[in-house]
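Residue-level structure breakdown
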Amino acid sequence: MSMAIKESAFYRGRRLLGAALVFLAFAPSLSGETRLFSFTTSKGLPVKVLQDNEMPFIHAELQVYLDGRAQNANSLAITQLVVMNMFERSLNSPSSNLSDMLLRQGNDYQVELEPESVKISMNFLPDRLGPFSKLLNEIFTYKSFHLKKFNESKERFWSLFLKNRDWRKEIAVLLAYQQLIGNFYFSQSFLLQETLNKINLAQLRSFLLRTFRPDNAQLILKGRINPYFILGMIEKDLPQPPSLPLQARKPEAALNTGRRVFILNVDSPDLPSAYWFDVAPAADSAAFIPYAIGNFALFGFPGGRIYQSEKNQALMGGYKVNTDVIFFKDFTLFCNYMRLNYGDLENFLLLVDQERRKFSVRPVERKEYLDALNYYIGHAQVESSRFDFDLRGEISRFRGQGASLLASRIGPELFQDVSLSRVVQTMDEQMGAKSRTGPKEKGIVVLIGSADAIVKNLKLLKTEALEMSLD
Amino acid sequence: MIKARLLCWLLLVPLIPLSAQSPTVSSFDLPNGLKVILAPSGNSQAAAVCVYHMHGARSDPADGRGIAYLYQYLMFDGNENLEPYDHVLFIGKMGGVVSGRVSYDNSVFYELLPAQEINVALWLESERLKSLRLRDANIDFHKNQIFNRISRLWEANLGFKAQTWVSSKVFEGLPYEFPLYGDLNRIPSLGNERIRENYPNFQNLANILLIIAGKFDISELRNGINKFFQDIPPGRRSANPVFNAQNQRKSPVLKNWVVPGLKKSMAVFGIKAPAKISYNYMYFDFLRYYLTDARISRLNHILNTVNKLDVEIESSFTDYMEANCLIIQISHPKRINLEKARFVLASEFQALASKPLGNSDVRAVRSLMEIDLLKGMLSPEERCQRIGEYFHMFGELNFFDVQLRRLRRITSYDVQESAKKYLLKENQVVLNVYGN
């Protein structure tokens, strides 16, 4: 008997040692470098783990995909209401199991509604990695809708929607969606109270069942994580996706053409803002990076043509234009924006238009091309100091190779992949004579500020009133 | 068997997540007295170069308040080798970021840029310290800009006006009593000669720390620092500043303003908070997180979610070394809602002082504070600023471990004690702004 015990203890010890060695052989090294592990769980959730042993906390991003094409205003209202009811902190009465779990996890989370996905990002301490998979399960099996909270979310919809946001930009972006994209539910941007009032809880539940499911999402984790440990935890806690089939992808979003200027009247003492929205090639198209370089040659700071022109002509006070890129599966939306004095608005609008036209007669030059590439490479290096930098690269990979190159790991290979002649051709097609003469141009300009003051300062440009309501 | 098991555990132990390891910070002095602090980290391709002046608006002469604030803008106006804003253009071209701010206790200017370009930032910073363009034309330009901007704000933003008043009362008798820009009406008449004369105090090398964080090769960096900074003349060695933590207020202040035609009434609460150098600072910071941080925001929960008062809540915190102020502004078109909110707020403060917080709340806030501290340590520019501040206050370089340890030990008892001390009525300045 005692012999048997000894033997079994001996074998158990050897097995433990063997398991440890096997584990070590496959486990990632503990060097300072980030290593990527990709796997898909048996429930269909793709998981990417960026193991970074120097990162003292864990950052997680869960992306749930939406397919918004050929939908209607109801769909947008339902998506917005689902996100609010699940995650809005000020609607936490009565508190749900999910909100309690988020609080225990540290409550450092953010939910963004993007055109084609809902992104839930959070940071938590390593000792909360265990409960994280339960939290994930709670998100995928959420059932705690409460009628009182639901009604409140409808009543306070716009105040909650615009809370803690750059609402000027949000409104400008919504207007761009509405004007530029025909058959996409974001084009039904300004929700009316009557649309919201028609939504019921059953619709929210049904949307959640069809959309918030492991096989329609992607999870990325970064930190000091043992990928096998987290895989085991997720496998154990993740629910089976519902038997409902995933919605079939709809045809491409239809794009409207033409260039129009909109003025949104806002009663505020702040300076007015100007936004230029341009529809550009999709992130996975070969023309995407050439377009980004061309956009930099136009709007970039300090080497861009617009900044140089205003400096040379001593027109204005040296305004800096910022650029955001909004990704869609089939195209991207470039948003160049700035704040400026009322008195400078017209000069600036005319200057931008003039410089855009010039691409046909004065194509992007070698120096501009090199400046743009140098800027993008340097900017990527600077951004590498942000803890979520390599996650952005992974997420962009979903959007296409071009976006992922711009978002991370941008390097000298770009010089080989993107030639100057390609940039010249793209800009001529997008902004130069070719688009001007044909019906291809797709873009709008949005001015936000006091409409009276804007109109008073527009002397050469003629305006036409168009009334819209947010109620 | 025991040996085998022990071996297994020894092999597995390194894989178990450990707590954050503190990054190493070191320093050396140049012969001219400039203190250089290095905080390397290899996990990014970026570096931050930061010039930390242990000199701020509190050092302005009484009849020249606002001079240091002007330097915040003049520092970007070029020198004998650089044109105005060349500094921003050089760094911007390579995809980097430039920033600077003057506060009461200190002034911080930094560049965040690709690591291989670090010498460009060193050169630009050394140029700034060697000579600065302080011509009448550019000084007058910035005086006018500041005057116009603050005047506009003063006229159009009642909240700004109210908060400035509350803050001046909370800090009565302290260096923080006056706004950073000094007396608004005296800005245009500040003497340019005075501004030039005062600059050597601001630029005094003995009061400056050069802090570099991020990725760099130490020997190359040392060469760069020697090349660009060793020619700068030494400053006057001054005694290390001694900060004195100020006590809480002994008597409350209550004031009403009536503003004709006001659409939204507001109540602005100013709570005198512990100094950054004080031991209690972290406990009060805990309370600040709990009450006002948007991710927890207890105030929003009790005022709007529980009591349905639908009030707008704004808050700000000063972050100064000798005393601080937490400002909470509550506004609503109906005065009755404001009065109810005031009552709920007073009851909440009372509750915090009389009974300890629940464990789940303590854990949640502590974890949020820890994550924010850790995030700050991963960002090179923020790390520079925190190292500079800690050295300025305590003369020590490695603050991270100490802060983290203290943070992890915060208990509900510490929080309750802090609430008892600082959330008292006597420690508050309240300004009510009503329409007629």
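Residues numbered from 1 in each chain as written. Chains lettered and ligands numbered in written order. Predicted model: local features only at pLDDT ≥ 70, side-chain atom pairs only at ≥ 80, totals over all residues. Heavy atoms only, no water.

1. What about the overall build of chain B?
Quick reminder of the rule: Secondary structure follows DSSP: runs of H or I at least 4 residues long count as helices, runs of E at least 2 residues long count as strands, and numbering of each begins at the N terminus. Radius of gyration here uses only the C-alpha atoms, and the compact-globule reference equals 2.2 Å multiplied by the residue count raised to the power 0.38. Summary of the burial criterion: residues with accessible area below 20% of their type's maximum are buried, those above 50% are exposed, and those between are partly exposed, where the area comes from a 1.4 Å probe applied to protein chains only. Any pair of residues with heavy atoms lying within 4.5 Å of one another is described as a contacting pair. In summary, the charge assignment counts Lys and Arg as positive and Asp and Glu as negative, without counting His or the chain termini. Working definition for charges: the position is that of NZ of Lys, CZ of Arg, CG of Asp or CD of Glu.
A tally of regular secondary structure across chain B gives 15 helices and eleven strands. On C-alpha atoms alone, chain B measures out to a radius of gyration of 24 Å, which is about the 22 Å that the 2.2 N^0.38 rule sets for 436 residues. With the C-alpha coordinates aligned to their principal axes, the bounding extent of chain B is approximately 85 × 65 × 40 Å. Across the 436 residues that make up chain B, the buried fraction comes to 56%. Put simply, of all contacts in chain B between residues at least 6 apart along the chain, 80% involve residues at least 24 apart. Here chain B contributes 52 positive and 43 negative side-chain charges, whose respective centroids are spaced 7 Å apart.

2. Focus on the nonpolar core
Residues and elements named next belong to chain B. Rules: Residues enter a nonpolar core if they are buried and are Ala, Val, Leu, Ile, Met, Phe, Trp, Tyr or Cys, with the set joined through side-chain atoms within 4.5 Å.
Grouped together as the largest cluster of nonpolar side chains are 152 residues, with contacts concentrated most on Leu122, Leu210, Ile212, Ile225, Phe229, Phe284 and Ile330. The element contributing the most residues to this core is helix α12 (residues 359-378), with ten residues. With residues up to four places along the chain from it excluded, the contact list for isoleucine 330 reads Ser265, Met266, Ala267, Phe269, Leu303, Val311, Glu312, Leu338, Ala341 and Leu345.

3. A word on the sheet that holds strand β6 (residues 208-214) of chain B
Residues and elements named next belong to chain B. The condition that has to hold: Only strands that DSSP links by at least two bridges are regarded as paired with each other. Axis definition: a line fit to C-alpha positions, over the contact stretch in the case of helices; interaxial angles, taken between N-to-C directions, run 0 to 180 degrees.
The mixed open sheet is built from six strands, whose spatial order is β1-β2-β6-β3-β5-β4. Strands at the two margins of the open sheet, each flanked by one partner only, are β1 (26-29) and β4 (97-102). Along the sheet, successive strands turn relative to each other by an average axial angle of 15°, direction set aside. With four bridges connecting them, β1 and strand β2 (residues 35-40) associate as antiparallel partners.

4. Quick word on the packing of aromatic side chains
Within a pair of aromatic rings, the relevant descriptors are the distance that separates the centres and the angle that separates the planes. Residue and element names in this part refer to chain A. Applicable threshold: Within 6.5 Å between ring centres, the rings of Phe, Tyr and Trp (the latter by its six-membered ring) count as paired, and their orientation is classed by plane angle as stacked under 30 degrees, edge-to-face over 60, tilted in between.
Going through the model one piece at a time under the given rule, you end up with 35 aromatic pairs over all chains. Judged by centre distance (6.0 Å) and plane angle (45°), the ring pair of phenylalanine 288 and phenylalanine 327 falls under tilted. Placement of phenylalanine 288 in helix α11 (residues 288-299) and of phenylalanine 327 in strand β9 (residues 322-327) is noted, with a sequence separation of 39 residues between them. Counting every residue linked through ring pairs, the aromatic cluster contains Phe288, Tyr291, Phe327 and Phe334.

5. Re helix α4 (residues 118-130) of chain B
Residues and elements named next belong to chain B. Definition in use: Here a helix's expected span is defined as the number of its residues, less one, multiplied by 1.5 Å.
Helix length check: α4 (13 residues) gives 19 Å between terminal C-alpha atoms against 18 Å at 1.5 Å per residue, within 8%. All buried positions along α4 are accounted for by Ile118, Val120, Ala121, Leu122, Leu124, Glu125, Ser126, Glu127, Arg128 and Leu129. Buried residues along α4 sit in contact with β3 (46-53), α3 (86-93), β5 (107-114), α7 (192-202), β6 and α8 (218-229).

6. Regarding the environment of Asn324(B)
Residues and elements named next belong to chain B. Keep this limit in mind: Here a polar contact is recorded for every N or O atom pair within 3.5 Å, except that within protein the pair must consist of a potential hydrogen donor and a potential acceptor, and residues adjacent in sequence are included only if both atoms are side-chain atoms.
Along the chain, asparagine 324 turns up in strand β10 (residues 324-332). Note: C-alpha distance between asparagine 324 and valine 429 (105 residues apart in sequence) is 13 Å. With near-sequence residues (within four places) excluded, asparagine 324 lies in contact with Val170, Phe171, Ile271, Lys272, Ala273, Pro274, Ala275, Lys276, Tyr281, Phe317, Thr318 and Asp319. Of the polar contacts made by the side chain of asparagine 324, one reaches the side chain of threonine 318; its length is 2.8 Å.

7. What about the state of the cysteines?
Should the sulfur atoms of two cysteines be covalently bonded, the bond is a disulfide. All names here are of chain B. Note the cut-off: In what follows, a disulfide is any cysteine sulfur pair within 2.5 Å.
If you walk through the whole model with that rule in mind, you get zero disulfides over all chains. You can see cysteine 384 has no disulfide; the closest cysteine sulfur is in cysteine 50, sitting 4.8 Å from it. On the basis of relative accessible area, cysteine 384 is assigned to the buried category, the value being 0%.

8. Some details on the pairing of strand β11 (residues 428-434) of chain B
Regular strands place side chains that alternate from one sheet face to the opposite one. Residue and element names in this part refer to chain B. Of all seven residues in β11, seven are buried, a share of seventy percent or more. Neither face of β11 is open: one carries Gln428, Val430, Asn432 and Tyr434, the other Val429, Leu431 and Val433, and all of them are buried. Pairing of strand β7 (residues 253-258) with β11 involves six bridges; the strand directions are parallel. Bridging from a neighbouring strand, lysine 255 pairs with leucine 431 of β11.

9. Focus: unusual backbone geometry
Located in the positive-phi region is Asn107(A), a residue other than glycine, with phi close to 65°. Looking at the element boundaries, Asn107(A) is found in the loop between α3 (97-105) and β4 (108-114). A positive phi angle, near 30°, is found at Ser297(B), a position not held by glycine. Its place among the elements puts Ser297(B) in the loop between α9 (281-292) and α10 (298-306). A residue is classified by how much of its surface remains accessible, and Ser297(B), at 13% relative accessible area, is buried.

10. Focus: the pattern of salt bridges
All names here are of chain B. Defined as follows: The term salt bridge refers to a pairing of a side-chain nitrogen on Lys or Arg with a carboxyl oxygen on Asp or Glu at a separation within 4 Å.
For the structure shown, the criterion picks out 43 salt bridges over all chains. Measuring nitrogen to oxygen at the nearest pair gives 2.9 Å for the salt bridge that ties arginine 386 to glutamate 382. Pair noted here: arginine 386 and glutamate 382 are both in helix α13 (residues 380-394), with a separation of four residues, about one helical turn. Under the relative-accessibility criterion, arginine 386 is labelled partly exposed at 24%. On the basis of relative accessibility, which here comes to 31%, the residue glutamate 382 falls in the partly exposed class.

11. Considerations on the packing of helix α12 (residues 305-312) of chain A against helix α13 (residues 345-357) of chain A
All names here are of chain A. Operational definition: Roughly parallel means an angle under 35 degrees; roughly antiparallel means over 145; roughly perpendicular covers 65 to 115; every other angle is labelled oblique. For a crossing to be left-handed, the near helix must be turned anticlockwise from the far one by less than a right angle; the clockwise case is right-handed.
Two numbers describe how α12 lies on α13: the axes approach to 10 Å, and their chain directions differ by 125°. By the criterion of interaxial angle, the relationship of α12 to α13 is oblique. For the crossing formed where α12 meets α13, the hand is right-handed. For the pair α12 and α13, the contacting residues are Arg305, Ile306, Ser309 and Glu310 in the first and Phe348, Leu351, Val352 and Glu355 in the second.

12. What to know about empty space enclosed by the protein
Empty space left among the atoms is revealed by rolling a probe the size of a water molecule over them. Residue and element names in this part refer to chain B. What counts is decided by this rule: A cavity here means a set of 1 Å grid points, computed over protein atoms only, where a 1.4 Å probe fits but cannot escape. A pocket is an open set with protein on both sides within 12 Å along at least 5 of 7 lines, and lining residues have an atom within 4 Å of a point. Grid points are joined across faces, edges and corners, and a volume is the space filled by probe spheres set on the points.
With the rule as written, the count across this model stands at nine cavities of 30 Å³ or more. Space inside the second largest cavity adds up to approximately 60 Å³. For the second largest cavity, the full set of lining residues is Met75, Gly78, Asn79, Leu82, Glu83, Asp86, His87, Leu124, Glu127, Arg128, Ser131 and Leu132. For the lining of the second largest cavity, the secondary-structure elements that each account for two or more residues are α3 and α4.

13. Quick notes on the sheet that holds strand β6 (residues 217-223) of chain A
All names here are of chain A. As summarised here, the arrangement of the six strands in space is β1-β2-β6-β3-β5-β4, forming an open sheet in which the pairing is mixed. For this open sheet the edge positions go to β1 (35-40) and β4, each flanked by a neighbour on one side alone. The mean inter-strand angle of the sheet, taken between neighbouring strand axes irrespective of direction, is 15°. Pairing of strand β3 (residues 58-65) with strand β5 (residues 117-124) involves eight bridges; the strand directions are antiparallel. Directly across from leucine 62, in β5, lies its bridge partner isoleucine 120. Strand contacts of helix α4 (residues 129-140): β3, β5 and β6, with the helix running at about 15° to β3, the strand carrying the most contacts.

14. Looking at the environment of Arg362(A)
Residues and elements named next belong to chain A. Position of arginine 362 relative to the elements: it lies in the loop between α13 and α14 (366-383). Arginine 362 gets classed as partly exposed once you look at its relative accessible area, which sits at 33%. Remark: the alpha-carbon pair of arginine 362 and threonine 195, spanning 167 residues in sequence, is separated by 49 Å. With near-sequence residues (within four places) excluded, arginine 362 lies in contact with Arg305 and Glu368. Looking at arginine 362, its side chain comes within polar contact range of the side chain of glutamate 365, at 2.9 Å.

15. Quick look at the side chain of Asn79(B)
All names here are of chain B. As for its position among the elements, asparagine 79 is in the loop between α2 (67-74) and α3. Judged by relative accessible area, asparagine 79 falls into the buried class, the value being 3%. A polar contact is formed between the side chain of asparagine 79 and the side chain of serine 131, at a distance of 3.2 Å. The contact partners of asparagine 79, leaving out residues within four places of it in the chain, are Glu127, Arg128, Ser131, Leu132 and Arg133.

Read these as spatial facts, not as claims about activity.
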